[in-house]
Amino acid sequence: MNVAMFVSGLAAVTTIVVWFVAFSAYSRRLRWSVAGVLGLGLTTAIACMRIEQVSGDLVPQFVFRWQAKADQRLARPLADGLAVDLTTTTSDDFPQFLGPQRDARLTGLRLRRDWQAHPPRLVWRREIGAGWSSLAAVNGFAVTLEQRGDDELVTCYELGTGQPRWFHSVAARHQTVMGGVGPRSTPTIDQGRVFALGATGVLRCLDGATGQPIWTDDLLARIGVTPPEDQRAIEWGRANSPLIVDELVVVPLGGPLLGPWNSLAAFDKASGRLVWTGGGSQASYSSPVLTTLAGRRQIVIVNEADVSGHDPASGQTLWEHPWPGSSQGGANVSQAVPLPNDRVLLSKGYMGGAKLLHLTPAPGGLCQAAELWSNSRVLRTKFSNVVVYGEYVYGLSDGILECVELASGRRVWKGGRYGQGQILGVDDLLVVQAESGEVALVEAAPAGYRELGLFAALDGKTWNNPSLYGRYLLVRNAEQAACYELAIEEETREARSGQDAATETRSKAAT
């Protein structure tokens, strides 16, 4: 709609100018003087201005051509080099994309619902490199991907202070006008190691204590393409967060623009050795998820133009179903959501909407997917994912929060304009990260839309997912990262008081 309005407006202005210069009754001198002034102004604007970025609704932001990008003005982090313990786990951990279960939901934590009486408290805020990665947090430390100049970094921060503890960089930079600068995926923390996939396909396994590399693999070299060639196939960069399955780390692989393709690749997480490849689809911007459907344990992945399930041991394709999309246009970004009763929910933007599938066993140990319903008018989750509570699903549909009934695909309510942001479910509440940088607290209830609180967490465009480590909300965008303490109800976990004391002790020690 914004593009259509821009084109229409440009056509209207052009028509008026052409009429004035070529056909109006004004004097030739005046007509050509106006044309000259307009031409000089347009030439000057083109020479001096460039599009820095666009919003999720394709509204451009202009800056002077000589103005350096924010990440290019940042030096490398001043890491203190102290050892980090990512081996010890806690009940508060948020170790991967979308949380412990990779479903954008947390349970057992009761946030206070009145942010007027109990407002979020800023713990720290700092500059950060560019990118749309979120923060994975384990044992009081947070890890993310960021771009600083020509280097793509995996960085570990002290959760209590925001102090960098270590970083590991590779020479890589991904940049597009529409997609922005920097890495898109979120690191995964597993047994003291950090697994991260960069925007240009560099897969890293790092020692979580020091950030030193254990092994790396270049996916683009493996499929035989250069970064510019990969960008023609997957225009906005590799955005897939690694999935740990037993002793494997699994990521989408894809291939050249015209193929051949492999949907997934699995590497031995200890050595980096390639164990298997599976499927025959081009990569999308979605990430794999582990689940059990129709009696089969399997990895489900949304690909460029379909969704498929794969055997974790071999990569064998167990089932697939069409889900139209293009990694150069109407991209598939949102996760497949496994649901009870062998169902899978799909959603996407670009007028795609939502679809509910049902899986049943098929001969030869395979599965068969059948469509229960499809509705192109609901859950148009362009960059975001949904949160499911019982038989209702909540998501940002073209930037507006929406509640949909799972059984029918019927919209129950729609309200609250948050742009192309993100959501996280916390018990019966939704923490909504707005594209503008604000964070809202909303009831997850089919009775109707009700916003309980709102505060300005960050400045500027925010496409990154929020993370919640216990009561500590971690948010970031392409220029800032911050930690806020949220007020909670009476303790709901026996270990929480001890964990908070340990976090406070580490914070004081770091300070």
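What you are looking at is a predicted structure, and each value in this text was computed from that prediction instead of being measured. (Residues numbered from 1 in each chain as written. Predicted model: local features only at pLDDT ≥ 70, side-chain atom pairs only at ≥ 80, totals over all residues. Heavy atoms only, no water.)

Asks: For this particular structure, what's the right way to read the confidence of the model for the protein chain?
Replies: Residues shown with low pLDDT carry predicted positions that ought not to be read at fine detail. Here the protein chain shows a mean pLDDT of 93. Residues at 70 or above account for 96%. Here residues 492-499 is a poorly scored stretch, pLDDT under 50, and it has 19 contacts once near neighbours within four places are set aside; other chains count. (pLDDT = per-residue confidence, 0-100. Contact = heavy atoms within 4.5 Å.)

Asks: How should I be thinking about the layout of surface pockets in this particular structure?
Replies: If you roll a probe as big as a water molecule over the atoms, it shows you where there is empty space left. By volume, the largest pocket amounts to about 1100 Å³. Gly56, Tyr350, Lys382, Phe383 and Gln420 are, among the 43 residues lining the largest pocket, the residues nearest its centre. Contributing elements (two or more residues each) for the lining of the largest pocket: helix 1 (2-22) and strand 30 (411-417). Of the residues forming the lining of the largest pocket, the biggest block, three residues, is contributed by helix 1. Class assignment for the residues of the lining of the largest pocket results in 18 nonpolar, 18 polar and seven charged. Roughly 630 Å³ of volume is contained in the second largest pocket. Lining the second largest pocket are 34 residues, and of these Gln96, Pro100, Gln101, Arg102 and Asp103 lie nearest its centre. Elements that contribute at least two residues to the lining of the second largest pocket include exactly strand 11 (188-190), strand 15 (243-245), strand 19 (289-293), strand 23 (337-339) and strand 27 (387-389). Its residues assigned to classes, the lining of the second largest pocket comprises 19 nonpolar, ten polar and five charged. (1 Å grid on protein atoms, 1.4 Å probe; cavity = no way out; pocket = protein on both sides within 12 Å on 5 of 7 lines; lining within 4 Å. Points joined across faces, edges and corners; volume = space filled by probe spheres on them. Helix = DSSP H or I, 4+ residues; strand = E, 2+ residues; numbered from the N terminus. Nonpolar A, V, L, I, M, F, W, Y, C, P; charged D, E, K, R; others polar.)

Asks: What am I meant to see in the pairing of strand 21 (residues 306-310) here?
Replies: Side-chain positions along a regular strand alternate between the two faces of the sheet. The buried fraction of strand 21 is high, at five of five residues. Connecting strand 20 (residues 296-302) to the next strand, strand 21, in antiparallel fashion are three residues. (Buried < 20%, exposed > 50% of the residue type's maximum accessible area, 1.4 Å probe, protein only. Pairing = 2+ DSSP bridges.)

Asks: Teacher, can you tell me more about the packing of aromatic side chains here?
Replies: Here a ring pair, both rings aromatic, is described through the centre-centre distance and the interplanar angle of the planes. Enumeration over the complete set of coordinates arrives at twelve aromatic pairs. Taken together, the ring pairs connect Tyr389, Tyr394, Trp413 and Tyr449 into an aromatic cluster. The ring centre of Trp463 lies 4.0 Å from the NZ or CZ of Lys461, which sits over that ring. (Phe/Tyr/Trp six-rings, centres within 6.5 Å; stacked < 30°, edge-to-face > 60°. Lys NZ or Arg CZ within 6 Å of the ring centre and 35° of its normal.)

Asks: It is not clear to me how the side chain of Asn464 should be interpreted in this structure. Could you clarify?
Replies: Topologically, Asn464 is positioned in the loop between strand 34 (451-456) and strand 35 (467-469). A polar atom in the side chain of Asn464 sits 3.2 Å from the backbone oxygen of Gly131. A polar contact is formed between the side chain of Asn464 and the backbone oxygen of Trp132, at a distance of 3.4 Å. If we skip the residues at most four places from it in the chain, Asn464 touches Gly131, Trp132, Ser133, Gln422, Gln433, Arg476, Asn477 and Ala478. (Polar contact = N/O pair within 3.5 Å; in protein donor to acceptor, adjacent residues only side chain to side chain.)

Asks: I would appreciate a short explanation of the sheet that holds strand 14 (residues 213-218) in the present structure.
Replies: Hydrogen bonds between backbone atoms are what pair the strands of a sheet, whose relative direction is either parallel or antiparallel. As summarised here, the arrangement of the four strands in space is 11-12-13-14, forming an open sheet in which the pairing is antiparallel. For this open sheet the edge positions go to strand 11 and strand 14, each flanked by a neighbour on one side alone. Going from strand to strand, the sheet's axes swing by 15 degrees on average, the running direction of each strand aside. As judged from the three bridges shared by strand 11 and strand 12 (residues 193-197), these two strands associate in the antiparallel manner. Bridged to Thr188 within strand 12 is Phe195. (Axes fitted to C-alpha atoms, helices over the stretch in contact; angles between N-to-C directions.)

Asks: Explain the environment of Gln72 to me, please; I cannot follow it from the model alone.
Replies: Relative to the assigned elements, Gln72 resides in the loop between strand 2 (60-64) and strand 3 (105-106). Along the chain, Gln72 and Gly329 lie 257 residues apart, while their C-alpha atoms are 28 Å from each other. Apart from the residues lying within four places of it in its own chain, the contact partners of Gln72 are Gly149 and Arg173.

Asks: Before we go on, may I ask you to explain the nonpolar core in this structure?
Replies: A general trend in soluble globular proteins is that nonpolar side chains are found buried together. One finds Leu111, Val431, Val439, Leu468, Leu473 and Val475 to be the most contacted residues of the largest nonpolar core, which totals 22 residues. Not counting residues within four places of it along the chain, the set of residues in contact with Leu468 comprises Asp92, Phe94, Leu106, Leu109, Leu424, Val426, Leu473 and Leu486. (Core = buried A, V, L, I, M, F, W, Y, C linked by side-chain atoms within 4.5 Å.)

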